[in-house]
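Inside the fold
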Amino acid sequence: MSLPLAVTPSDPLRHATITSVVPHRHSSHVTAWPHERRWSVHGTSNGRRMICGDTGGIHALPSVIHAWAEGAGLDDIGQAATFDLLTGRVEVPDNNPADVIASEWQWLSLCQLEVAGKRAGVIGLPRARAGRGRLSIV
C-alpha cells in the first residue's frame, strides 16, 4: 500500500500531511505525541472537522490514511479505524447551507449527548455514523 504522506518541514519526525483526491476535503494531518507513544489524526472538509482521533498503535493509521486519501466515505473510514475517529458530522461536498446547518446541529446534539452521559456516569456512549447524507446513532 502506498501512502501519500508529506512530512512537515518544521518537524519532520512528528508531523505528516495527507492529501485527498476528493476536492472538498482539506489535507488531513497525523501527529506523533512527543512524550508518549500515541498518534493523532484529524481531517477537515469544507472547513469542518470530519475525523479526529488518537491511537496508541501506529499500525491503526495506514488504513485510515489510505481511506481518507482515496476519497472513501466517512462510514468506510470509521470502519477502517480501530479507534474512535468520526466526529458525527455529515460531509457536505457542495457546502449547501441547509445541509451544513443540519450537519452542525447533529454534531452539537452528539456533543450534548456525550456530555450528559459522562455526567450521568454512562458507559458505552452512542457513537456516530455519518453516511449517505444523514446521521445514525449506533
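Residues numbered from 1 in each chain as written. Predicted model: local features only at pLDDT ≥ 70, side-chain atom pairs only at ≥ 80, totals over all residues. Heavy atoms only, no water.

1. Some words on the nonpolar core
Soluble globular proteins tend to pack their nonpolar side chains together in the buried interior. Which entries qualify depends on this criterion: What is meant by a nonpolar core is a set of buried Ala, Val, Leu, Ile, Met, Phe, Trp, Tyr and Cys residues, joined one to another through side-chain atoms within 4.5 Å. Remark: exposure states derive from per-residue accessible area (1.4 Å probe, protein chains only) relative to the maximum for the residue type, with buried under 20%, exposed over 50%, and partly exposed in between. Runs of H or I in DSSP of at least four residues are treated as helices and runs of E of at least two as strands, each being numbered from the N terminus. We call two residues in contact whenever any of their non-hydrogen atoms come within 4.5 Å of each other.
Ile51, Leu61, Ile77, Phe83 and Leu85 are the most contacted members of the largest nonpolar core, which totals 20 residues. Ranked by the residues each element gives to this core, the list is headed by helix α1 (residues 61-69), at 6 residues. Excluding residues that lie within four positions of it along the chain, Ile51 makes contacts with Val41, His42, Gly43, Trp68, Leu74, Ile77, Leu85, Leu86 and Thr87.

2. Quick word on the sheet that holds strand β4 (residues 39-45)
The condition that has to hold: Strand pairing follows a simple DSSP-based rule, namely that at least 2 bridges must link the two strands. Geometry is summarised by axes, namely lines fitted to C-alpha atoms with helices restricted to the contacting stretch, and by angles between N-to-C directions that run from 0 to 180 degrees.
If you trace the 5 strands from one edge of the open sheet to the other, you get β1-β2-β3-β4-β5, paired in antiparallel fashion. Each of the sheet's edge strands pairs with one partner strand only, and the pair in question is β1 (5-7) and β5 (48-55). The average angle at which neighbouring strand axes cross in this sheet is 20°, direction not considered. Taken strand by strand, α1 contacts β1, β2 (15-18), β3 (28-32), β4 and β5, and its axis lies near 10° from that of β4.

3. Brief notes about the pattern of salt bridges
Stated formally: Any Lys or Arg side-chain nitrogen located within 4 Å of an Asp or Glu carboxyl oxygen qualifies as a salt bridge.
All told, the structure shown has 1 salt bridge when counted by the stated rule. Measuring nitrogen to oxygen at the nearest pair gives 2.8 Å for the salt bridge that ties Asp11 to Arg14. For Arg14, a relative accessible area of 27% translates into the label partly exposed.

4. Regarding the packing of aromatic side chains
Going by this rule: Here is the rule: rings of Phe, Tyr and Trp (six-membered ring for Trp) pair when centre to centre is within 6.5 Å. Planes less than 30 degrees apart are stacked, more than 60 are edge-to-face, and the remainder are tilted. When the NZ atom of lysine or the CZ atom of arginine is within 6 Å of a ring's centre and also within 35 degrees of its normal, the charge is said to sit over that ring.
In this structure the tally under the stated criterion is 0 aromatic pairs. The positively charged end of Arg25 is found above the aromatic ring belonging to Trp68, 4.5 Å away from the centroid. Stacked on the ring of Trp33, the Lys or Arg Arg38 has its end atom at 5.3 Å from the ring centre.

5. Re the pairing of β2
As defined by bridge partners, β1 adjoins β2 across 3 bridges and the pair is classed as antiparallel. Of the residues in β2, the one forming a bridge with Val7 is Ala16. Alignment of β2 against β3, held across 4 bridges, turns out to be antiparallel. Its bridge partner lying in β3, Thr17 is registered against His29.

6. Here we look at the confidence of the model for the chain
As a reminder, the rule being used: Note on scores: pLDDT gives the predictor's confidence for each residue, bounded by 0 and 100.
Scored by pLDDT, the chain comes out at a mean of 79, with 81% of its residues at no less than 70. Within the model, the stretch residues 125-138 combines pLDDT values under 50 with 35 contacts to residues more than four positions away or in other chains.

7. Digging into the pairing of β3
Of all 5 residues in β3, 4 are buried; the element is thus mostly enclosed. Pairing analysis gives 4 bridges linking β3 to β4, with the strands arranged antiparallel. Within β4, the residue paired with Ala32 across the bridge is Trp39. The turn linking β3 back onto β4 is made up of 6 residues.

8. Thoughts on the environment of Pro34
Mapped onto the elements of the fold, Pro34 is located in the loop between β3 and β4. Considered as a pair, Pro34 and Leu13 are 21 residues apart in the sequence and their alpha carbons are 9.9 Å apart.

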